[in-house]
Amino acid sequence: MYDAGKISIDDFFCNINPAKPYQAYLSNALKVADVLDWVLQQLGKSEVWQTSFSISEEFIRRLYFIEKSGLVTRFNLVLDHKATNKTLKLWAFITQVITTTYLADNHSKVLLVKSEQGEVVSIITSQNLTRGNRSESAVVTTDPELFATLQAQIQ
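Just so it is clear, the structure is predicted and the values come from calculations on it, not from any experiment.

How should empty space enclosed by the protein be read in this particular structure?
A water-sized probe rolled over the atoms picks out the places where empty space is left. Applying the stated criterion across every chain, the model contains one cavity of 30 Å³ or more. Each pocket or cavity is described by its volume, and for the largest cavity that value is around 40 Å³. As for the largest cavity, its lining consists of Ile16, Lys20, Pro21, Tyr22, Gln23, Val121, Val140, Thr141 and Thr142. For the lining of the largest cavity, the elements supplying multiple residues, two or more each, are β1 (22-27) and β7 (136-141).

Help me understand a nonpolar patch on the surface, please; the structure alone is not making it clear to me.
A cluster of nonpolar side chains, namely Tyr22, Ile124 and Val139, defines an oily patch on the protein surface of about 250 Å² accessible area. Note on placement: Tyr22 falls in strand β1.

I keep staring at the packing of helix α1 (residues 32-43) against helix α2 (residues 57-68) and nothing clicks. Help me out?
Pairs of packed helices are described in terms of their axes, by the angle between the two and the distance that separates them. Running from N to C, α1 and α2 point in directions that differ by 10 degrees, and their axes come no closer than 10 Å. Here α1 is positioned roughly parallel relative to α2, judged by the angle of their axes. In this structure, α1 contributes Val32, Ala33, Asp34, Leu36, Asp37 and Leu40 to the contact, and α2 contributes Phe59, Arg62, Leu63 and Ile66. Classifying every residue of the contact of α1 with α2 gives seven nonpolar, no polar and three charged.

Even after reading the chapter, I still don't get the pattern of salt bridges, so can you show me in this structure?
For side chains bearing opposite charge, pairing can occur when the charged atoms are close. Considering all chains together, one arrives at four salt bridges under this definition. Residue Asp34 pairs with Arg62 through a salt bridge whose shortest N-O separation is 2.8 Å. With a gap of 28 residues between them, Asp34 in helix α1 and Arg62 in helix α2 connect regions that are remote in the sequence.

Basis of the calculations
- Residues numbered from 1 in each chain as written.
- Predicted model: local features only at pLDDT ≥ 70, side-chain atom pairs only at ≥ 80, totals over all residues.
- Heavy atoms only, no water.
- 1 Å grid on protein atoms, 1.4 Å probe; cavity = no way out; pocket = protein on both sides within 12 Å on 5 of 7 lines; lining within 4 Å.
- Points joined across faces, edges and corners; volume = space filled by probe spheres on them.
- Helix = DSSP H or I, 4+ residues; strand = E, 2+ residues; numbered from the N terminus.
- Patch = residues over 30% accessible without salt bridge, like charges linked within 9 Å, V, L, I, M, F, W, Y side chains within 5 Å.
- Areas by Shrake-Rupley, 256 points an atom, 1.4 Å probe, with all protein chains shown as cover.
- Salt bridge = Lys/Arg side-chain N within 4 Å of Asp/Glu carboxyl O.
- Axes fitted to C-alpha atoms, helices over the stretch in contact; angles between N-to-C directions.
- Parallel < 35°, antiparallel > 145°, perpendicular 65-115°, else oblique.
- Contact = heavy atoms within 4.5 Å.
- Nonpolar A, V, L, I, M, F, W, Y, C, P; charged D, E, K, R; others polar.

Read these as layout, nothing more, since geometry by itself doesn't imply function.
As structure tokens, then:
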């Protein structure tokens, strides 16, 4: 495992490149917001779809700053309805940051990013949108077929 204080995201990934369509990590050093920010820095303005069981204020705050960077054109979020009590407490903040939020039977943790130029990145992760110091894993891919499949299932 890696110590979060001594590494950067570049220790886990090379730049997004269709010639290297799959990358992965298992670490307690990265959070899904770090990966989203890394993707947006490379793709530029993009629409984002995110699914999670739950969300925390800390994560919404991080998304707020990512969204304010001007790189997110639209943010779509799907959360589990069983976490509604927690979600409702954060609703005012969520609506300031997220374009559209859906409540559903959901335990998936998927992040999809599609740039204005049509480039796509899919991230399938173990991490909810909450704070934690446990190791999490994710697969990051530029596979357009996988993106299309997941996007169709989310919508």
